[in-house]
Amino acid sequence: MNHHQERLLEPEGEAHKKGDLKLRICEENKKIWRVGFPAMLARSTQYGMLVVTQAFIGRIGEVDLAGYALIQIIAIGFANGILLGMSSATETLCGQAFGAKQYHMMGIYVQRSCIINLVAGTILLPLFIFSAKIFKLLGVDEEIAERAGYICLWFIPILYYFVFSYTLQKYLQSQLKNWIVGWLSAAAFALHVVLSWIFVSKLNWGIPGAMSALIISSWSIIIGTMIYITCGWCPNTWKGFTLAAFSDLVPVLKLSVSSGIMLCLELWYTAILVLLAGYMKNAATQVSALSICVNITVWEFILCIGFLASASVRVSNELGKGDAKAVKFAIKVLITESTCVGILFFVLCLALDRQIARLFTNEANVIEAVSKLSFLLALSVLLNSFQAVFSGVAVGSGRQTTVAIINICSYYIIGVPIGIILGYVAHMQITGIWIGMVIGVIMQVIALSFMIFTTNWDEQVKKASERLDRWLLKPSDESNNIIIPSEKN
């Protein structure tokens with residue numbers, strides 16, 4: 001072969017490598033969005049139902065709206081954080097079992113998680129029953145506390161909706177079938193808008209009408225999901241209800257508790273900062289501005305939930321398969337895509353600072369306060385994109401306990417104290433509190449990135465294999481304990 005021919009062949013070889021890389025990235029993208037888009041759709045529409053209910057209750061009366069807002073921020077936020085976090089244990093176990101082709105174990109894992117979450121939800125029940133007294137002890141206005149306590153009783157069915165909703169969603173998500181939850185949630189959102197309009201605007205049923213619409217719409221998602229799972233659309237992973245679900249609950253409980261703590265520490269961090277803003281001068285303006293910024297970060301994080309879900313599924317599936325290289329490649333693609341999304345929202349927050357505030361209020365002082373926070377808001381939105389992927393990778397590899405420790409150190413040992421010092425001692429007010437929050441998140445992202453990029457993924461493959469083997473039941477042993485078989489099995 002002459003030199004001219006070699007030079008002709010050389011670019012072709014490079015082009016082949018580039019083409020192969022592009023093909024791998026495209027394939028990885030398909031896997032990412034197959035999980036990510038339904039997760040985004042489900043979370044945004046489910047959260048949207050709470051917002052729609054708030055809007056209709058706002059038409060009933062100011063006290064009713066204040067009571068509902070109190071419940072949504074404190075009681076629902078608290079319970080939702082615990083149960084959503086505990087459900088990530090299902091994400092870890094089912095994802096790794098699916099990758100290892102231990103399909104029959106996935107049905108057992110989801111039933112174990114449902115049992116644990118059911119107990120956890122029942123433990124939280126007194127918080128809803130005695131909420132009026134709890135709010136009065138916290139110094140809330142008596143009329144608002146009484147109204148919040150009444151509304152909170154209507155939220156009890158929603159509490160048990162959380163018990164099953166997240167666990168079932170994680171189960172389907174781990175086997176790339178969460179599209180059904182996404183479309184069911186979208187349909188439930190449409191149903192909720194119609195029912196709310198009929199019950200509240202047309203029939204004038206007030207609070208019972210608004211909450212009945214929310215309960216019916218929410219539970220329609222559970223019913224639809226259960227029909228999909230139990231009537232034969234998951235033939236490999238669902239073999240029917242089984243007594244085997246009651247065995248080995250303690251290890252699953254430990255993983256669930258650490259998962260719950262991991263997420264709650266993140267959700268409570270923002271709540272604490274809003275609470276701190278309430279003790280400042282011009283508290284109404286400060287809290288309003290901070291609440292607007294928090295709302296923006298929440299909505300953006302709902303979009304980032306897709307990356308969190310994709311990261312968890314991709315990592316857990318590949319660990320279950322025993323492919324460490326595929327794990328590393330998936331992480332690189334996920335970080336690249338989430339960073340692009342984060343940069344887009346970063347620019348939008350900087351460019352539309354005053355316009356964003358006007359979506360929520362016409363008060364000039366609040367708009368000005370939000371505008372002053374625009375850079376910190378944009379930075380928080382950018383950090384969300386990293387935080388979601390890193391948290392998803394941690395869940396997929398079953399390292400929730402490590403993340404919980406990182407969250408405690410980053411948020412409560414570093415972030416909150418700095419926020420208090422800057423806000424109160426340095427008199428920087430709300431800006432100081434937000435700077436403290438951002439510093440805490442930055443420390444968390446740095447710690448998580450160090451943990452992930454220094455991970456020996458071959459070692460994580462071994463740990464995943466050991467975990468699955470330790471809890472594995474042979475199909476014959478598991479089937480002996482079936483108490484209600486699936487229709488198509």
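Small disclaimer: the values here were computed from a predicted structure and weren't measured.

**Considering helix α15 (residues 400-425)**
No. 1: When the terminal C-alpha atoms of α15 are compared, their 35 Å separation across 26 residues agrees well with the 38 Å that a helix rising 1.5 Å per residue should span.
No. 2: Maximal helix bending in α15 amounts to about 30 degrees, located at G415; proline P417 follows within four positions.
No. 3: Turning to α15, its buried residues are Q400, V403, A404, I406, N407, S410, Y411, G415, V416, G419 and G423.

**Side note on the environment of V193**
No. 1: Tracing the sequence through the fold places V193 in helix α7 (residues 179-202).
No. 2: The exposure class assigned to V193 is partly exposed, which follows from its relative accessible area of 33%.
No. 3: A sequence separation of 21 residues divides V193 from L214, and the C-alpha atoms of the two residues are 9.1 Å apart.

**A closer look at a negative patch on the surface**
No. 1: Taken together, the side chains of D458, E459, E466 and D469 define an acidic patch exposed on the protein surface.
No. 2: By secondary structure assignment, the location of E459 is in helix α17 (residues 457-471).
No. 3: Among the residues examined, E459 registers a relative accessible area of 35% and is labelled partly exposed.

**A look at the packing of aromatic side chains**
No. 1: Scanning all chains against the criterion turns up 13 aromatic pairs.
No. 2: Taking 5.7 Å as the distance between ring centres and 35 degrees as the angle between the ring planes, the aromatic pair formed by Y68 and F155 counts as tilted. Of this pair, Y68 sits in helix α2 (residues 62-99) while F155 is found in the loop between α5 (142-154) and α6 (156-174), placing the two residues 87 residues apart along the sequence.
No. 3: Judged by relative accessible area, which is 0%, F155 ranks as buried.
No. 4: Where F346 meets F375, the ring centres are 6.3 Å apart and the plane angle is 80 degrees; that geometry is what we call edge-to-face. Taken together, the positions of F346 in helix α11 (residues 324-351) and F375 in helix α14 (residues 374-396) put the pair 29 residues apart, joining distant regions of the chain.
No. 5: Among the aromatic residues, those joined into a ring-pair cluster are Y161, F162 and Y166.
No. 6: Directly above the aromatic system of F329 lies the positively charged group of R24, at a separation of 4.0 Å from the ring centroid.

**Observations concerning the pattern of salt bridges**
No. 1: On inspection of all chains with the given rule, the structure shows 7 salt bridges.
No. 2: Ionic pairing is found between D64 and R147, a salt bridge with its closest N-O pair at 3.3 Å. Placement of the pair is D64 in helix α2 and R147 in helix α5, with a sequence separation of 83 residues.
No. 3: A salt bridge links R314 to E318; its shortest N-O distance comes to 2.9 Å. Residue R314 and its partner E318 are located together in helix α10 (residues 283-321), separated by 4 residues, close to a single helical turn. The two residues R314 and E318 agree in class, both being buried.
No. 4: Among the ionic contacts, a cluster of salt bridges with common partners joins E28, R314, E318 and K321.

**As for the environment of M226**
No. 1: Residue placement: M226 occurs in helix α8 (residues 206-233).
No. 2: A relative accessible area of 25% means that M226 is categorised as partly exposed.
No. 3: Spatially, the C-alpha atom of M226 lies 9.7 Å from that of F164, the residues being 62 residues apart in sequence.

**Some thoughts on the side chain of T167**
No. 1: Counting through the fold element by element, T167 comes out in helix α6.
No. 2: Note on T167: relative accessible area 0%, which makes it buried.
No. 3: Once residues lying within four places of it in the same chain are set aside, the contact partners of T167 are S87, T90, V110, S113, C114 and N117.

**Topic: the confidence of the model for the protein chain**
No. 1: The predicted model of the protein chain has a mean per-residue pLDDT of 84, with 88% of residues at 70 or higher.
No. 2: Taken as a whole, residues 1-16 scores under 50 in pLDDT and shows 2 contacts with residues more than four places along the chain or in a different chain.
No. 3: Taken together, the stretch residues 483-489 has pLDDT below 50 and engages in 19 contacts with residues farther than four places along the chain or on a different chain.

**Describing the nonpolar core**
No. 1: Residues F128, F155 and Y171 are the most contacted members of the largest nonpolar core, which totals 69 residues.
No. 2: For this core, the element with the most residues is α2, which contributes 14 residues.
No. 3: Apart from the residues within four sequence positions on either side, Y171 is in contact with T90, C94, M106, G107, V110, I229, C234, T237 and W238.
No. 4: Of all hydrophobic cores here, the second largest spans 59 residues; its members include M40, I331, I406 and V416.

What counts and how
- Residues numbered from 1 in each chain as written.
- Predicted model: local features only at pLDDT ≥ 70, side-chain atom pairs only at ≥ 80, totals over all residues.
- Heavy atoms only, no water.
- Helix = DSSP H or I, 4+ residues; strand = E, 2+ residues; numbered from the N terminus.
- Expected span 1.5 Å × (residues − 1).
- Bend = angle between axes of the 7 residues up to and from the residue.
- Buried < 20%, exposed > 50% of the residue type's maximum accessible area, 1.4 Å probe, protein only.
- Patch = residues over 30% accessible without salt bridge, like charges linked within 9 Å, V, L, I, M, F, W, Y side chains within 5 Å.
- Areas by Shrake-Rupley, 256 points an atom, 1.4 Å probe, with all protein chains shown as cover.
- Salt bridge = Lys/Arg side-chain N within 4 Å of Asp/Glu carboxyl O.
- Lys, Arg positive; Asp, Glu negative; His and termini not counted.
- Charge placed at Lys NZ, Arg CZ, Asp CG, Glu CD.
- Phe/Tyr/Trp six-rings, centres within 6.5 Å; stacked < 30°, edge-to-face > 60°.
- Lys NZ or Arg CZ within 6 Å of the ring centre and 35° of its normal.
- Contact = heavy atoms within 4.5 Å.
- pLDDT = per-residue confidence, 0-100.
- Core = buried A, V, L, I, M, F, W, Y, C linked by side-chain atoms within 4.5 Å.

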